[in-house]
Structure formats: structure tokens, C-alpha cells
Amino acid sequence: EVNKKIAYLGDSITQGIGADKNSYLHWSAVLSELLGEENAYRNLGIGYARSSDAASDGVWLYKAKQNDIVFVCYGVNDIFQGYSADTIKKNLQTIVDKLHEFGICVIMQTIPPFNYSEEHRGKWQEINDFIKYELKNAELVFDCVKYLAKNDRELHTAKYGGHPNSDGCKVWGEALFGAVTEV
């Protein structure tokens, strides 16, 4: 018996790459620890994943649909692979809509900083603005950028590394916990 089944859907950052090796110090593990043992957790972060992978509504999204709450964080690989901003936005909205069809509470996160080149910054900002201001049906949108960016003038630059280290993941997980407990 568990209170809630919670999943984390995303790429290698969600998977925990960047945190100390063989540790439970990535952002989703930090958040799970804070949310407590009365819940069950499933990390569905997979290295090199793109929003199009989950939006295809295959086995991966099926696993997410078996939960009560799903935290979603995609976009870095989409940007680096050259997907258009419109395609990425459509995929993110599809993920939220498909999860909502199953009555799942969706918590969407902005795309983290990743030391984006000038070529990628505009797309990154456009998609994050979409997530924050236009995305429909997410119960909560969490802006991770302000916790992970180098400073207010270099929001695209990662203070803790593109794959946040354990310190960055701690900051991220604790801030996200604060946001979800307010809802």
C-alpha cells in the first residue's frame, strides 16, 4: 500500500547523470526522499531521450501512465538534435495531454540550462516561455532555470554543469519540493 505512485519522465538529467556515481543524489532522488516513504517512485529518465520519444505514446509513456503523478522534464536533446521549436512544443503538449487522458497529475518543468550556444539560446528560451505561459493542462509548471543558471544575466549557462552535479541536484530537488508542497 502506498499513498501515491510518482514517476519522473525525462532524459539523462532525470536519470541522474551528473550526480555522484552510484549515489542517490540526482534531483528526482532528492525529491523522492523529501516526499517520503509512503509513496512509490519510478525514475523513467533515459539518456539521450527526446520529447518525441515519449510523445509517440509507446511503452515508455505507458509506464508513466501507471502512476498518479508524473514529473516531466524534456528538451535538451530535442534542441541539440535540431528539432524545431514548434515540434518540441507540440511534443510536450502531447505528453501532457496523453497523461491527462489517464487522470494523471502532471508537473512540467522548464528545460534546464545547458551552456547553450548562441545558436540554441533563442529556441531554448522560446520553448521555456511556451512551457511557462502557454502549455495547457499541467497542474504545475516548475521553472528549474532560476535554481540552476549561472546568474540572472546568463540563464542559459549551467551553474552546476549541463548534467547538474550533486550540489545542483540538491538545490533543484529541494526547490521543487517547496513548489509541490505549496499546491
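For the structure, check the block above.
1. Considering the sheet that holds strand 5 (residues 140–142)
Across the sheet, which stays open at both edges, the five strands sit in the order 2-1-3-4-5 with parallel pairing between neighbours. In this open sheet, the two strands that pair with only one neighbour each are strand 2 (40–45) and strand 5. Looking at each pair of strands side by side, their axes are set apart by 15 degrees on average, direction ignored. One ladder, built from three bridges, connects strand 4 (residues 105–109) with strand 5; its direction is parallel. By the bridge assignment, I107 is partnered in strand 5 with L140. Strand contacts of helix 6 (residues 85–100): strand 1 (5–10), strand 3 (69–73) and strand 4, with the helix running at about 160 degrees to strand 4, the strand carrying the most contacts.

2. Observations concerning the packing of aromatic side chains
Under the definition given, this model contains 10 aromatic pairs. Chaining the aromatic ring pairs together yields one cluster made of Y8, W27, Y41, F71 and W172.

3. Describing the pattern of salt bridges
Under the criterion given, the structure shown has eight salt bridges. Residue D57 is joined to K65 by a salt bridge in which the shortest nitrogen-to-oxygen separation is 2.7 Å. A relative accessible area of 30% means that D57 is categorised as partly exposed. We classify K65 as buried; its relative accessible area is 12%. Of the charged contacts in the structure, one is a salt bridge between K89 and E126, with a shortest N-O distance of 2.9 Å. With K89 in helix 6 and E126 in helix 7 (residues 118–133), this residue pair connects regions lying 37 residues apart in the sequence. On the basis of relative accessibility, which here comes to 15%, the residue K89 falls in the buried class. Judged by relative accessible area, E126 falls into the partly exposed class, the value being 36%.

4. So, the pairing of strand 4
Along strand 4, four of the five residues are buried, which leaves the element largely enclosed by surrounding structure. Pairing geometry for strand 3 and strand 4, over four bridges, is parallel. Each residue of the ladder has a partner; that of V70, found in strand 4, is V106. In the classification by handedness, the crossover that spans strand 4, the intervening helix 7 and the parallel strand 5 is right-handed.

5. Thoughts on the packing of helix 6 against helix 7
At a closest axis distance of 10 Å, the pairing of helix 6 and helix 7 adopts a crossing angle of 30 degrees. In terms of orientation, helix 6 and helix 7 fall into the roughly parallel class. Helix 7 is crossed by helix 6, and the crossing has right-handed handedness. The residues of helix 7 that touch helix 6, namely those facing A85, D86, I88, K89, L92 and Q93, are K123, E126, I127, F130 and I131. Looking at the contact of helix 6 with helix 7 residue by residue, the classes come out as six nonpolar, one polar and four charged.

Procedures and definitions
Residues numbered from 1 in each chain as written. Predicted model: local features only at pLDDT ≥ 70, side-chain atom pairs only at ≥ 80, totals over all residues. Heavy atoms only, no water. Pairing = 2+ DSSP bridges. Helix = DSSP H or I, 4+ residues; strand = E, 2+ residues; numbered from the N terminus. Axes fitted to C-alpha atoms, helices over the stretch in contact; angles between N-to-C directions. Contact = heavy atoms within 4.5 Å. Phe/Tyr/Trp six-rings, centres within 6.5 Å; stacked < 30°, edge-to-face > 60°. Salt bridge = Lys/Arg side-chain N within 4 Å of Asp/Glu carboxyl O. Buried < 20%, exposed > 50% of the residue type's maximum accessible area, 1.4 Å probe, protein only. Right-handed = clockwise from strand over helix to strand, strands pointing away. Parallel < 35°, antiparallel > 145°, perpendicular 65-115°, else oblique. Left-handed = near helix turned anticlockwise from the far one by under 90°. Nonpolar A, V, L, I, M, F, W, Y, C, P; charged D, E, K, R; others polar.

These values are about where atoms sit, not about what they do.
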